[in-house]
Amino acid sequence: MPIPERIAALQDEMTAWRRDIHAHPELGFEEHRTAGFVAKKLEEFGIEVHRGVGKTGVVGVLRAGSGKGRVGLRADMDALPIKEANTFAHRSTNEGRMHACGHDGHTTMLLGAAKYIAQTRNFDGTVHFIFQPAEEGIGGARAMVEDGLFRRFPCDAIFGMHNRPGMPLGAFAVRAGPMMAGGAFFDIDIEGRGAHGARPESGVDSVLVAAHVTTALQSIVARNVRPVDTAVLSVTQIHGGDAYNVIPQRARLSGTVRAFSNEVMALIGRNMARVAEGVAAGFGARAQTDYRPIFAPLVNDAQEADFAAAICGEIVGAERVKRDPPLIMASEDFSFMLNEVRGCYINIGNGDGEGACEVHNPSYDFNDRALPYGASFFARLVEKRLVR
Ligand SMILES: [Zn+2]
Ligand SMILES: [Zn+2]
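This text gives an overview of the structure that appears in the document. (Residues numbered from 1 in each chain as written. Chains lettered and ligands numbered in written order. Predicted model: local features only at pLDDT ≥ 70, side-chain atom pairs only at ≥ 80, totals over all residues. Heavy atoms only, no water.)

**Comments concerning the layout of surface pockets**
- Quantified by volume, the largest pocket comes out at close to 430 Å³.
- Looking at the lining of the largest pocket, the elements with two or more residues in it are β5 (157-165) and β16 (343-351).
- Here the element with the most residues in the lining of the largest pocket is β5; it accounts for four residues.
- Looking at the lining of the largest pocket residue by residue, the class counts come to nine nonpolar, six polar and six charged.
- Reported here for the second largest pocket is a volume of approximately 340 Å³.
- As for the second largest pocket, its lining consists of 18 residues, of which Arg 164, Pro 165, Gly 166, Met 167 and Pro 168 are closest to the centre.
- Of the residues in the lining of the second largest pocket, the class split is 10 nonpolar, three polar and five charged. (1 Å grid on protein atoms, 1.4 Å probe; cavity = no way out; pocket = protein on both sides within 12 Å on 5 of 7 lines; lining within 4 Å. Points joined across faces, edges and corners; volume = space filled by probe spheres on them. Helix = DSSP H or I, 4+ residues; strand = E, 2+ residues; numbered from the N terminus. Nonpolar A, V, L, I, M, F, W, Y, C, P; charged D, E, K, R; others polar.)

**Description of the coordination of the zinc ion (ligand 1)**
- Distances from the zinc ion (ligand 1) to its protein donors, namely Cys 101 (SG), Glu 136 (OE), Glu 136 (OE) and His 360 (NE2), fall within the range 2.0 to 2.7 Å.
- Taken together, the four donor atoms surrounding the zinc ion (ligand 1) define angles of 52 to 153° at the centre, an arrangement classified as irregular.
- Here the zinc ion (ligand 1) and the zinc ion (ligand 2) are spaced 3.1 Å apart, with Cys 101 acting as a shared donor. Separated by 224 residues along the polypeptide, Glu 136 in the loop between β4 (125-132) and α5 (140-146) and His 360 in the loop between β16 and α11 (371-385) bring together distant segments of the chain.
- Given the relative accessible area of 22%, Glu 136 is considered partly exposed. (Donors = N, O, S within 2.8 Å, 3.2 Å for Na, K, Ca; no water. Tetrahedral: all angles 85-135°; square planar, octahedral: opposite > 155°, others 65-115°. Buried < 20%, exposed > 50% of the residue type's maximum accessible area, 1.4 Å probe, protein only.)

**What to know about the coordination of the zinc ion (ligand 2)**
- Donor atoms from the polypeptide that coordinate the zinc ion (ligand 2) comprise Cys 101 (SG), His 103 (NE2) and His 162 (NE2), at 2.1 to 2.3 Å from the metal.
- Each donor residue of the zinc ion (ligand 2) belongs to the same chain, and together they define the spacing C-x1-H-x58-H.
- Classification of Cys 101 as buried rests on a relative accessible area of 8%.
- Classification of His 162 by relative accessible area gives buried; the value is 10%.

**Description of the nonpolar core**
- Judged by nonpolar contacts, the single largest core of 67 residues is most densely connected at Leu 42, Leu 73, Phe 129, Phe 131 and Phe 377.
- Core analysis: the second largest hydrophobic core is formed by 28 residues, Ile 188, Val 225, Ala 231 and Val 257 among them. (Core = buried A, V, L, I, M, F, W, Y, C linked by side-chain atoms within 4.5 Å.)

**A short note on the sheet that holds strand β3 (residues 70-76)**
- Strand order in this open sheet of eight strands is β1-β2-β4-β3-β5-β16-β6-β15, and the pairing throughout is mixed. Each of the sheet's edge strands pairs with one partner strand only, and the pair in question is β1 (48-53) and β15 (321-323). For this sheet, the mean angle separating the axes of adjacent strands, direction not counted, is 25°.
- Two strands pair when backbone bridges link them, and β3 and β4 are joined in this way by seven bridges, in the parallel orientation. Pairing of Gly 72 across the sheet is with His 128, part of β4.
- Sitting on the sheet, helix α4 (residues 103-120) touches β2 (57-64), β3, β4, β5 and β16, and the angle it makes with β3 is about 145°. (Pairing = 2+ DSSP bridges. Axes fitted to C-alpha atoms, helices over the stretch in contact; angles between N-to-C directions. Contact = heavy atoms within 4.5 Å.)

And the structure:
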């Protein structure tokens, strides 16, 4: 069955919602307008609404029949601190904030599915529509889980999706097992001894130590991680000093680590602390490492991946469903929900072919023509999973 007619008919309405959300981007845990928009729509559709789940999260509950099955569908609502470069009519009206990751589209696809499912009620059981805040590295999924998401709204399986620029419109990608990297942030504080810039012999140069630590950290992925295990370590910030003629007492290195298993994540953390402390000690300085895993690796359940791929195949044809695409180094905090409940996270094509504007770019925009495909995925998934 291709896109249901009633979902195709929602194209203009969904486009209007998507552009409205795009024009009013909000950062993580500040999605008050967006959450209000979502809650109001769900209420209009006749869906029971719970606000404030994990701060600004919203959950819609829809029951039909007497079936015991429960499915969770999840979308993210937050935007990024990026100044939008687009000039079209629905560009950001919130200076320095932008929906550059397509979460406006994700939210809209789930709303479109909710409208269709509430109208047709062609299922037997319970659907939980989960609209999560703060996906972009500040713990929205974890906040919802810790706020009792799956205790209050139990699910047998959960599903989510992310758009993929460069992947054709009307195409899906579904991977079983590990799919996206886990991620950690780190800060390394280096303490030397401040001195006059012209008298280095009387100090311990924290800037020089920071430079050596930065270089030495690159040996961890190259020499400590097994070559068959993929990982990346990036120092993305170096801060130190305020004046031309002062050797600063302190410097700070910060950055991120990505890997596909919790074991490799932990191994990198241990080696990072050892390298930083050892290199610093060699120069007579001290280093203190704060290593904080932010995202768990995202791992799909093999059976749920098959199920999700079958739904995608029904909508667009099996030849447009890429099975087992390459691993993705980026992270996604839906992994924290998948740590609690089995499920599958998939990718949906945003179109425009190879080299299309990537997410997190100031010129990015979600492709409105992808909306019916994503909404159909969620809708057909419910009908197939909670069969009437
Ligand atoms: Zn993003
Ligand atoms: Zn995203």
